[in-house]
Amino acid sequence: MWALSCWLLGTPSQGEEFTFDAAEFEKKPYHFGGYAELRPVLSGLDRDAALHRLRFFAEDGGRTTVEYNGRLQIEGDLEQGIGRAFMRLNSDYDNTAAGESFKTTVYDGYLSLKPTPNLTLEVGKKSLRWGTGYAWNPVAFLGRAKDPDDPELNLEGFILASVSWIKSFSGPLQTLSLSPVLLPVYDGFNDDFGETGHLNIGGKLYALLADTDIDLLFLAGGSGPNRYGFDFARNLTPNFEIHGEFAYLRNVRKRFLDATGLGGEREEDTLSYLIGLRYLTEAETTWIVEYYHNGAGFNREEMESFYRFVNRGYETFLATGDASGLERAENAGQGGYARMNPMRHYLYLRAGQKEPFDILYFNPAVTAIINLADGSFSLSPEVLYTAVTNLELRLKTTFLAGKRLSEFGEKQNDWRLELRMRYYF
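Residues numbered from 1 in each chain as written. Predicted model: local features only at pLDDT ≥ 70, side-chain atom pairs only at ≥ 80, totals over all residues. Heavy atoms only, no water.

## Here's the deal with the pattern of salt bridges
Part 1 of the argument: Enumeration according to the criterion identifies 31 salt bridges in this entry.
Part 2 of the argument: The shortest N-O distance in the salt bridge between Glu 418 and Arg 416 comes to 3.5 Å.
Part 3 of the argument: Here Glu 418 falls in the buried class, since its relative accessible area comes to 8%.
Part 4 of the argument: Overlapping salt bridges, with partners in common, bring together Glu 37, Arg 39, Asp 150, Glu 392, Arg 394, Arg 416, Glu 418, Arg 420 and Arg 422 in one network. (Salt bridge = Lys/Arg side-chain N within 4 Å of Asp/Glu carboxyl O. Buried < 20%, exposed > 50% of the residue type's maximum accessible area, 1.4 Å probe, protein only.)

Structure, rendered in structure tokens:
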């Protein structure tokens, strides 16, 4: 009976010899994985909003749009001796009101050498995650801007070369690390980073000092303004963390457009910063709060002038068919007005609850992004369900609210509903 029970349970019975295969626990020299994703989206349009008029002025659209998005992201690495190779490929399929598109992009692809435990050399395309903020990173001088509506997504990197040296100590200074970086910008080579024809030099000095993570960062070289930054993160208790970032940029060129359509450009030094906290309650509710000041952003009067110019151009188009004013506004939008969070003062709030009422694999959350200058905001409740192994289902709704001539009040959508089905492998 004992032997039968052990056989049914898949455990060795008395008298059987237990064997141990060390190879099963050895680290493999390679890794391959990724995910496949399908994400249909239903959006409710605000046909009176400035950005809707700018986007759809030549079309007679309806009140809603449907789009279908697909993504395949695969990654793998191979490690042998002191060397390691890593690659991440991202393929996106989009079927939207703008048309159908398919694009494959190398997000990361680099070689790494570690001749000693304290020294690492890397060359290739890599996404550097500088900064301690969750929704924004003002000190991410060598990275692309996050989408604060989905800040955990992987981002495309830049081609660079870097060295990382790290040293541990006993005492208040526990760790010190120095990471210089070279980033070339030439035609066809990182040319979306900034002005071409320059070799940019950046770096990060990291210290773990008195249980506080501290970074000093800089970037110079001519492809953009010289930048200097500082960030920190510290756990005040095991469940309570505070963090912050400060970035100073020299001679930032800022283009603007007034309500009459007259354009201009000015150069100024800017200071951007972020301060935030993350708190996990005893009931396993995670709170994230961040305040972000975007020193290079537009003030309220500048944004209102842009929206008025769009509306005036739209009225001219309806009356005469002349779209030149809207085309000028579209160029200005691409220059900054229509980007994510183009203004100066924002508050990010997120609350996520792990398995409320003991409902397994069910994790709801709600996120708010508030423009403190004009009072407009977006509110995004969502639910995440992970009952099936490797399958993640997320249903998310976003509501945008604000008065006319406010940021979220002039977005092209009033609301947005999306279902993300993601399978990991």
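From this point on, the discussion continues.
## Concerning the packing of aromatic side chains
Part 1 of the argument: Going through the model one piece at a time under the given rule, you end up with 17 aromatic pairs.
Part 2 of the argument: With centroids separated by 6.1 Å and ring planes inclined at 40°, the aromatic side chains of Trp 136 and Tyr 346 adopt a geometry described as tilted. Of the two residues, Trp 136 sits in the loop between strand 5 (119-126) and strand 6 (158-168) while Tyr 346 sits in strand 14 (residues 345-353), which places them 210 residues apart along the sequence.
Part 3 of the argument: By relative accessible area, Tyr 346 is classed as buried at 0%.
Part 4 of the argument: Consider the rings of Phe 306 and Tyr 337, whose centres lie 4.3 Å apart with planes at 10°: the pair is stacked. Remark: Tyr 337 occurs in helix 4 (residues 324-337) and Phe 306 occurs in helix 3 (residues 300-320); sequence separation between them is 31 residues. With respect to class, Phe 306 is no different from Tyr 337; both count as buried.
Part 5 of the argument: Site record: aromatic cluster; members linked through ring pairs are Tyr 134, Trp 136, Tyr 292, Tyr 346 and Tyr 348.
Part 6 of the argument: It is Arg 55 that lies over the ring of Phe 56; its NZ or CZ is 4.4 Å from the centre. (Phe/Tyr/Trp six-rings, centres within 6.5 Å; stacked < 30°, edge-to-face > 60°. Helix = DSSP H or I, 4+ residues; strand = E, 2+ residues; numbered from the N terminus. Lys NZ or Arg CZ within 6 Å of the ring centre and 35° of its normal.)

## A short note on the pairing of strand 1 (residues 30-45)
Part 1 of the argument: Judged from the 15 bridges that link them, strand 1 and strand 2 (residues 64-80) form a sheet pairing that is antiparallel. Bridge pairing in strand 2 links His 31 to Asp 77.
Part 2 of the argument: Relative to strand 18 (residues 413-424), strand 1 runs antiparallel, the two sharing nine bridges. When the sheet's bridge partners are listed, Ala 36 is paired in strand 18 with Tyr 423. (Pairing = 2+ DSSP bridges.)

## Quick look at empty space enclosed by the protein
Part 1 of the argument: Scanning the entire structure with this criterion turns up one cavity of 30 Å³ or more.
Part 2 of the argument: Of the volumes computed, that of the largest cavity is approximately 30 Å³.
Part 3 of the argument: Residue classes in the lining of the largest cavity are distributed as four nonpolar, three polar and three charged. (1 Å grid on protein atoms, 1.4 Å probe; cavity = no way out; pocket = protein on both sides within 12 Å on 5 of 7 lines; lining within 4 Å. Points joined across faces, edges and corners; volume = space filled by probe spheres on them. Nonpolar A, V, L, I, M, F, W, Y, C, P; charged D, E, K, R; others polar.)

## What about the packing of helix 3 against helix 4?
When two helices pack together, you describe them by how their axes are tilted relative to each other and by the distance separating the axes.
Part 1 of the argument: Interhelical geometry of helix 3 versus helix 4 gives an angle of 150° and a closest axis separation of 8 Å. Viewed along their axes, helix 3 and helix 4 adopt a mutual orientation that is roughly antiparallel. The handedness of the crossing between helix 3 and helix 4 comes out as left-handed. The residues of helix 4 that touch helix 3, namely those facing Glu 302, Met 303, Phe 306, Phe 309, Val 310, Gly 313, Tyr 314 and Phe 317, are Gly 325, Leu 326, Arg 328, Ala 329, Ala 332, Gly 333 and Tyr 337.
Part 2 of the argument: Grouping the amino acids of the contact of helix 3 with helix 4 by side-chain chemistry returns 10 nonpolar, three polar and two charged. (Axes fitted to C-alpha atoms, helices over the stretch in contact; angles between N-to-C directions. Parallel < 35°, antiparallel > 145°, perpendicular 65-115°, else oblique. Left-handed = near helix turned anticlockwise from the far one by under 90°. Contact = heavy atoms within 4.5 Å.)

## Thoughts on helix 4
Part 1 of the argument: Every buried residue of helix 4 is accounted for by Gly 325, Leu 326, Ala 329, Ala 332, Gly 333, Gly 336 and Tyr 337. Taken end-on, helix 4 shows its buried residues confined to a sector of 120°, consistent with a single buried face. In helix 4, the exposed positions angled more than 90 degrees off the buried face are occupied by Asn 331, Gln 334 and Gly 335. (Arc of directions from axis to C-beta.)

## Some points on the confidence of the model for the protein chain
Part 1 of the argument: Confidence in the prediction of the protein chain, expressed as mean pLDDT, is 92, and 93% of residues score 70 or more.
Part 2 of the argument: In the model, residues 1-16 has pLDDT below 50 throughout and makes six contacts with residues more than four positions away in sequence or in other chains. (pLDDT = per-residue confidence, 0-100.)

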